[in-house]
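Descriptive analysis of the structure
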Amino acid sequence: MTADASAHNISRIIQTICPFCGVGCGIGLRVEQEKITGVEPLASHPVSQGKLCAKGWSTAYAVDPIDRITTPLIRENGSFRPASWDEAYQVITEAFLAAAAEKGADAVGVIACARATNEDCYAAQKFARAVLGTNNIDHCARICHSPSVAGLRQTLGSGAMTNSIDDIEKADLIVIFGCDPTENHSVLGGRIIGAKMAGARLLVVDPRLTRLARMADLHLQLQLGTNIALINGLLQIIFANGWEATEFLSSRCENETALRAKVAEYPPERVAAITGVPEEKLIAAARMYAKAERALLTYGMGITQYTTGTNNVISISNLALVAGQIGREGTGINPLRGQNNVQGACDMGALPNVFPGYQEVAQQTNRDKFADHWQKKLPENKGLTSLGMTKGALSGEVRCMLIMGEDPVVTDPDQHHVQRALEALDLLVVIELVMTETAAMADVILPAAAFSEKAGTFTNCERRVQLIQPAIAAPGEAKPDWQILGELASRLGYHHMDWPNAEAIFNEIAALSPLYQGMSYPKLAENHGLQWPCNEQAPNGTPLLHRQQFSRGKGRLIPVSHADPAEVPDEAYPLFFTTTRLHYHYGCGSMTRKSPLLERETPSGILFINPADAQALAIKPQTKVRISSRRGEVETGAIITDEVPPGTVAMPYHFKEAPSNRLTNTAQDPVTKMPELKACAVRVTNLEVEHK
Amino acid sequence: MNGLMTPQLIRITEIYDDGEASRHFTFEPVSGIRHSARPGQFFTLAIPGHGEAAFTYLSLPDAQGRFKALIRKVGSLTSALFQCNHGDLIGFRGPFGNSWPLEQLKDRRVLIIAGGIGLPPLAAVINQLSTKESTPVGLIYGSRSPADQVLKQERLAWHTCMPILETFDHPSSRQQLTGTPLDHIQQMTAKLGGSPEAVLACGPEVMMNAAAQHFIQNGLPPEEIWLALERRMHCGVGECGHCYLGSSTVCADGPIYSWQQLIRLQSQTTA
Amino acid sequence: MRAFLLDQIDRLRDHLAAQRSLFTPQFAAGSSELSWLPLSHNTPSAAIERPLLATYPAKQFFFPDREILFQFDGADFKETLPKPAPQILFGVRSCDLCAIAYQDQFFQQDPYYQARRKATLLVGIDCQLPCEGGFCPTVDAGPFVRDGMADLVCHQQGGRWLLISQTSEGEALLDGLNLKAAAEGSISQRSRQEPQVAAQFPSAAHIETGIQRINQTQVPAELWQAMGLQCLSCSGCTNLCPTCSCFTSYDRPVDNGFERERCWDSCLYDAFQREASGHNPSAAAGQRVERFWFHKFSDEYFKTFGRYGCTGCGRCEKTCPGVIGVHSVMKRISAIL
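Residue numbers run consecutively from 1 along every chain, following the written order of its sequence. Note on labels: chains are lettered from A, ligands numbered from 1, in written order. Since the coordinates come from a predicted model, pLDDT governs what is reported: local features require at least 70, and pairs of side-chain atoms require 80 or more to be given and counted, while whole-chain, interface and lining totals use all residues. To get the side-chain values, take all heavy atoms of the structure and skip hydrogens and water.

**Regarding the overall build of chain C**
Filter applied, for reference: The secondary structure listing takes helices from DSSP runs of H or I that are at least 4 residues long and strands from runs of E that are at least 2 residues long, numbered from the N terminus. Each residue is assigned to one of three classes by its accessible area relative to the maximum for its type, calculated with a 1.4 Å probe on protein chains only: buried under 20%, partly exposed between the two thresholds, exposed over 50%. Methods summary: accessible areas were calculated by the Shrake-Rupley approach with a probe of 1.4 Å, and residue burial reflects only the protein chains presented. Only four residue types enter the charge count: Lys and Arg as positive, Asp and Glu as negative, with His and the chain ends excluded. One atom stands in for each charge, and that atom is NZ of Lys, CZ of Arg, CG of Asp or CD of Glu.
Secondary structure assignment for chain C yields 13 helices and 12 strands. Principal axes of the C-alpha set define a box for chain C whose edges measure 65 × 65 × 40 Å. When each of the 337 residues of chain C is scored for burial, the buried share is 63%. Entry remark: accessible area of chain C is about 12,600 Å², with carbon and sulfur atoms responsible for 51%. Positive and negative charge centroids in chain C, built from 32 and 36 side chains respectively, lie 3 Å apart.

**Observations regarding the interface of chain C and chain A**
Stated precisely, the cut-off is as follows: Whether two residues are in contact is decided by their heavy atoms: any pair within 4.5 Å suffices. Summed over both partners, the accessible surface that disappears when two parts come together, traced with a 1.4 Å probe, is what is meant by buried area. By salt bridge we mean one thing: a side-chain nitrogen of Lys or Arg within 4 Å of a carboxyl oxygen of Asp or Glu. Here the nonpolar group is Ala, Val, Leu, Ile, Met, Phe, Trp, Tyr, Cys and Pro; Asp, Glu, Lys and Arg are the charged ones; every other residue, Gly included, is treated as polar.
With 61 residues of chain C in contact, the opposing surface of chain A contributes 53 residues. Together, the buried faces of chain C and chain A total about 4,100 Å²; carbon and sulfur atoms form 55% of this surface. It is Glu33(C), Leu229(C) and Leu232(C) that lose the most area in chain C upon contact with chain A, and together they represent 15% of the buried surface on that side. Counting across the interface, chain C meets chain A through 3 salt bridges. Between Asp65(C) and Arg30(A) there is a salt bridge, with the nearest N and O atoms lying 3.0 Å from each other. Of all the secondary structure elements, the ones that give two or more residues to the side of chain C that touches chain A are strand 2 (21-27), strand 3 (34-38), helix 8 (221-229), helix 9 (236-240), strand 11 (247-254), strand 12 (257-264) and helix 12 (315-319) of chain C. A per-class count over the side of chain C that touches chain A returns 28 nonpolar, 19 polar and 14 charged.

**A short note on the packing of aromatic side chains**
Under the convention used in this document: For Phe, Tyr and Trp, rings pair up if their centres lie within 6.5 Å, where Trp contributes its six-membered ring, and each pair is then called stacked (planes under 30 degrees apart), edge-to-face (over 60) or tilted (otherwise). Our definition puts a charge over a ring when NZ of Lys or CZ of Arg is within 6 Å of the ring centre and also within 35 degrees of the ring normal.
This model, assessed by the stated rule, comprises 41 aromatic pairs over all chains. Considering the side-chain rings of Trp85(A) and Tyr89(A), the 5.5 Å spacing of their centres and the 40 degrees angle between planes classify their relative orientation as tilted. Within this pair, Trp85(A) and its partner Tyr89(A) are both found in helix 3 (residues 85-103), separated by 4 residues, close to a single helical turn. Neither residue differs from the other here; Trp85(A) and Tyr89(A) are each classed as buried. Here the aromatic rings of Phe23(C) and Phe61(C) are separated by 5.0 Å at their centres, their planes lie at 55 degrees, and the arrangement is tilted. Residue Phe23(C) is located in strand 2, and its partner Phe61(C) is located in the loop between helix 2 (46-49) and strand 4 (66-72); the two are separated by 38 residues in the primary sequence. Among the aromatic side chains, those forming a connected cluster through ring pairs are Tyr56(C), Phe62(C), Phe63(C), Tyr102(C), Phe106(C), Phe107(C), Tyr113(C), Phe247(C), Trp264(C) and Phe305(C). The lysine or arginine in question, Arg463(A), covers the ring of Trp532(A), its NZ or CZ lying 5.8 Å from the ring centre. A cation over a ring is seen here: Arg291(C) above Tyr244(B), with NZ or CZ 3.8 Å from the ring centre.

**Considerations on unusual backbone geometry**
A cis amide bond links Trp532(A) to the next residue, Pro533(A), at an omega of -5 degrees. A cis geometry characterises the amide bond from Gly94(B) onward to Pro95(B), with omega recorded as -5 degrees. You can see Pro95(B) is positioned in strand 6 (residues 89-96). At Gln33(A), a residue that is not glycine, the phi angle is positive and equals roughly 45 degrees. Residue placement: Gln33(A) occurs in the loop between strand 2 (26-32) and strand 3 (35-41). Gln33(A) gets classed as partly exposed once you look at its relative accessible area, which sits at 38%. Positive phi is not limited to glycine here, since Val323(C) has a value of about 60 degrees.

**Considering the side chain of Glu275(C)**
The residue Glu275(C) is located in the loop between strand 12 and helix 10 (285-297) in this model. Not counting the four nearest positions on each side in its chain, Glu275(C) is found in contact with Glu230(B), Arg231(B), Arg232(B) and Pro281(C).

**Some words on the domain arrangement of chain B**
Quite often, the size of an interface is put as the accessible area lost when its parts meet. All names here are of chain B. Stated formally: All domain edges in this entry derive from an automatic or database-based domain assignment.
One can read the domain layout of chain B as domain 1 (8-96) and domain 2 (102-266). Counting residues at the interface gives 20 residues for domain 1, matched by 25 residues for domain 2. In total, domain 1 and domain 2 occlude about 1,700 Å² of area from one another, counting both sides; carbon and sulfur atoms represent 62% of this. By the criterion of area lost to domain 2, the three top residues of domain 1 are Pro39, Phe42 and Leu58, representing 28% of everything that side buries.

**Side note on the nonpolar core**
Applicable threshold: Only buried residues count toward a nonpolar core, which is a set of Ala, Val, Leu, Ile, Met, Phe, Trp, Tyr and Cys residues joined through side-chain atoms within 4.5 Å.
Core analysis: the biggest nonpolar cluster contains 209 residues, and Phe127(A), Ile174(A), Leu402(A), Met404(A), Leu446(A), Trp293(C) and Phe297(C) have the highest contact counts within it. In terms of residue count, the dominant contributor to this core is helix 4 (residues 118-132) of chain A (9 residues). The next biggest cluster of nonpolar side chains, apart from the first, holds 51 residues, and it includes Ile238(A), Phe239(A), Val271(A) and Leu321(A).

**Digging into the sheet that holds strand 10 (residues 218-220) of chain A**
Residue and element names in this part refer to chain A. Applied cut-off: For two strands to count as paired, DSSP must find a minimum of two bridges between them. Note on geometry: axes are C-alpha line fits, over the in-contact stretch for helices, and angles between N-to-C directions span 0 to 180 degrees.
Read from one edge to the other, the open sheet built from 5 strands follows the order 10-9-8-12-13, with strand pairing classed as parallel. Two strands lie at the open edges of the sheet, namely strand 10 and strand 13 (333-335), each paired on one side alone. Between one strand axis and the next, the sheet turns through 15 degrees on average, direction left out of account. Summarising the sheet, strand 8 (residues 173-177) and strand 12 (residues 295-299) pair through 5 bridges and their orientation is parallel. Bridge pairing in strand 12 links Ile176 to Thr298. With respect to the sheet, helix 13 (residues 279-291) is in contact with strand 8, strand 9 (201-205), strand 10 and strand 12, its orientation differing from that of strand 10 by roughly 120 degrees.

**Let's talk about the packing of helix 5 (residues 146-155) of chain A against helix 15 (residues 309-323) of chain A**
The geometry of a pair of packed helices is captured by two quantities: the angle between their axes and the separation between those axes. Residue and element names in this part refer to chain A. The condition that has to hold: The labels follow the angle: roughly parallel below 35 degrees, roughly antiparallel above 145, roughly perpendicular from 65 to 115, and oblique for the rest. For any helix crossing, the convention is left-handed if the near helix is rotated counterclockwise from the far helix by under a right angle, and right-handed if that rotation is clockwise.
Where helix 5 contacts helix 15, the axes come no closer than 8 Å and their chain directions differ by 45 degrees. Taken together, the axes of helix 5 and helix 15 lie oblique to each other. In this structure, helix 5 crosses over helix 15, and the sense of that crossing is right-handed. Counted together, Pro147, Ser148, Ala150, Gly151, Leu152, Gln154 and Thr155 of helix 5 and Gly309, Thr310, Val313, Ile314 and Ser317 of helix 15 form the full contact between these two elements. Partitioning the contact of helix 5 with helix 15 into residue classes produces 5 nonpolar, 7 polar and no charged.

**What to know about the domain arrangement of chain C**
Residue and element names in this part refer to chain C. Condition: Here a polar contact means two N or O atoms within 3.5 Å. Within protein one must be a hydrogen donor candidate and the other an acceptor candidate, and residues neighboring in sequence count only if both atoms are side-chain atoms.
The assigned domain composition of chain C is domain 1 (2-198) and domain 2 (205-335). Taking only C-alpha atoms into account, the centre of domain 1 sits 26 Å from that of domain 2. Taken together, the 42 residues of domain 1 in the interface contact 41 residues of domain 2. Here domain 1 packs against domain 2, burying approximately 3,500 Å² in sum over the two surfaces, 57% of which is carbon and sulfur. Summed over the shared surface of domain 1 and domain 2, the result is 4 salt bridges. With a shortest N-O distance of 2.9 Å, Glu67 and Arg262 are connected by a salt bridge. Our count for the domain 1 to domain 2 interface comes out at 26 residue pairs in polar contact (both at pLDDT 80 or more). The set of elements that each furnish at least two residues to the side of domain 1 that touches domain 2 consists of strand 4, helix 3 (94-106) and helix 4 (111-118).

Below is the structure:
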């Protein structure tokens, strides 16, 4: 029987993983006549348990073929023309070879993608290292959780979430530090709401009055950029009252004396003055956390996106170790990863300093191991970070770049700087689904398959490696990133990337990375994913890290000091500026903004401002305003809300029409080069007053 | 013949500016199919690629099917409409909604209160009432400032046959009235030769509510006070749900409600 | 209404599938997720005999998540009514059938809905056990199929099936099966059995109290606000609710023109009622949460539809990430003094 094309005609439902954040919810894609027309939540999925957020529910729009790039495109006379893969590969190989011949292998670089699969990211770093001969490989974890990786590796030995999402229901206190999971990780945020309804207490530390702050038992509304002072203050109170976990400290931690000495410099009066949090609230919070039976701490960008990002993370670690709130169910340090596969992209070694499985490039034995497996001598040179590459592009050191699915023009700090850098390249190659702002600057665009069109794995924030399944064929000539990179490698004379399928890549990953060693596609399918490390000792994965001992042995307490953000308000730029995310959107908005519902929800640019500041500037709801910083200016409409405290304004970063990253500071964390996206100084001008 | 969800083509035949960011548009049917409408009803205009929005009839379809609307530039559809020229074809659906209770107003002393751009939805009913000898009718029209006033030509015509008071938050000369329409009810009552027996209002909800309260306190029954409501109207046929007001949908059950009906709808929920 | 005896339910199903395309709730391979899918070969009927609801109700067969209303080819608007092939929905539970009846009435004038609906025959099934979270008896929507809500009704009786035809189209489907007429009294035996099944449902006193309080506007605004704070505006409740019908529409560019697509919307979204001017009559989340439950449980709608807008399926409770599904909300409402 035939049916009209517009008749409802389900043909199948493909179970896969939602592509929108690090929570990794299960999602069924409904296919009708080879189009994805809707989604089904999966009740049996261990993380999402039949729930989805607004983004997940709108997945069918995000992968709508309507504006997909379907053939390779080459820039010619200022516009793009379709080209064959052959021709596109030819242009790329010539330029990459020429750059390397002229300036050496480090004149090229690759940006992988935290939205791509593990297999794609593995292919990207192998392409950089084995084919191009450079460690210039990075991805956007740089601007979200590189400080978590760096900080927690020093203190615990592993930079990932220590516990599992299931532990939310096992905790009797949940601490939410510098994040709003109900906005950005909604299904996980919902589980926190559920735990609260079931009797858990909530302690929120955030300059903003977030949804969870409104529900919290205690909210510490600290001044922007004062995390370390606050935590040192809490530690001082804990030690002063003898609330520390004595036994845990002596048996499992080291360097306690140095930490005690440092935090003694932070008595409540001083901390209250720096942070703006009253002393009694500090004391109450310290008591709450130290005395809780099981306290689970979770944090986000409000910790990492600072020049002190790594030290902020170390502080968090100090707090959990001193209170002994780690290594047990219902406790732990749980960074909330932003992108669906930012954990996996890090695991895959899409970072300049590590091979897959966090095996240091600097170690000869590691280089030998991978060289042996990859049949290629590997570079020793220290690789550049993503911001290092943009800097290198401006200075002429870096000549060609390949960007896989990221949109740094919208998402990276100081947009003008990024644009100038990309313009300065000899060749910019972008592998993309749609014409993003970055793709629009490319010389060659290669069409990629979306998550719904390929097999592979994503690793969620609780280290759960999960299978994704193709629901439909990719449009036109689009193909998976790993396949594009493999074909490009062949053109450059390297034939150890011509995998037959994604599973073959995964098997190579498992063979080379001890964390993934015990995993295979069939095993992942059977178990709804597995949490790493998964190996002979833990064949069913590891929901809880550091149970008996820390990955590095003893937990290391590291004294750190408060430091102001690189830029603080002054006369010329009197307000603090911070960036936020909105529930309805994801990253640069290239997927979520295709939904008519999500796009309707928010105007395409917003400045959040406190009623007090708004009044001082005669700003009314939706008043047009200009926000200026030392780096640029943006015009948008105001929303007046007590979510932001007086003296601080905030902007979401999703909108190309009002790019907050024209304002943000590129000042960096010295350890990880994380830019300070969470704090800079701005001036807000009421344009309607100016007009009159 | 297309169903109620699919627009039919109409042609723009006349465009002129009226007040700040407002324009008059005259439309005529393309297919020759005329439709009739009643004062207070509305229709939708569609511009492919920009969606659709609801507008009120400024004048009802004439013998040739021509009708008018006053359109203010507020969103993306109206911006696209402002780009249109004479002769352009766009989409039309309608008419939708209920109408002013003309039957019930017969032989009554009627006061009409308009605030800001609440005047156009009242224009068609004013046109009809002002020509009836038996129905004394007066208009109080409040605006922020003289520059914010609309329907200049229409008001000139109305001035010849009915009392009109125009008042401003920010007048530009001493001769002009200041304040809200409520401040001038006494004066209008005198001109009308007695207290109104029915009140029609359209404008900001705060203004309409205040007016309704005033007349309730002065003994006018709630079923004699009629307000035109604005909601986000999409489908026009009470299906899409956007314009709910308690258990009613403004596009199908409204946009005209008596104060009695409104009180009941508002009492259905608490928040 | 006539009753027949049937030995195996699969026999009926396969007989029907030979006549029209047939959709029925099925488990995906190796999974416990129950979804509406076209009948595939060798699908076991396990799902039919257990008290399990499919993830979605059947509404998307008539009111799909997304559908094209018309096209604009650059010159004129062309209505695009669907022309569905004749189909059968097999194994629809009473709660979902009541919702179809509700929407049949709501979408009476909607040509898109009606085109799909008219091409469809419904085979209902009586639930013999309560499902998890379901409370259909409380809202008169089950556990057995109501009269006139399906073309055929399957009812398990002893080791066999009683097959009841409720329409002539339903009965015509049985041609060729050579079924024996059921014994007299088997229909009344079914009627006597329903209260026994209904009695097995857990107490729904909180739902009854909640309905009363909503209708008497006794729920304090603060409670709506507190629950509004928990609404993450995901749209899950409205997507899975079998009676929810709100939609929006937007223009999509296609080759040489545009098409207007309508798609499911949700009254829980912040901008659902926001006007072009920025004014929003339901700007507070608490107002929107109240609105949703008012729409489900108000006597005002009962008057129009002869039943509440909630058919007791419990899907909203399962899919709400903010813990404000029907049981959570009604428990809190019934707990106020």
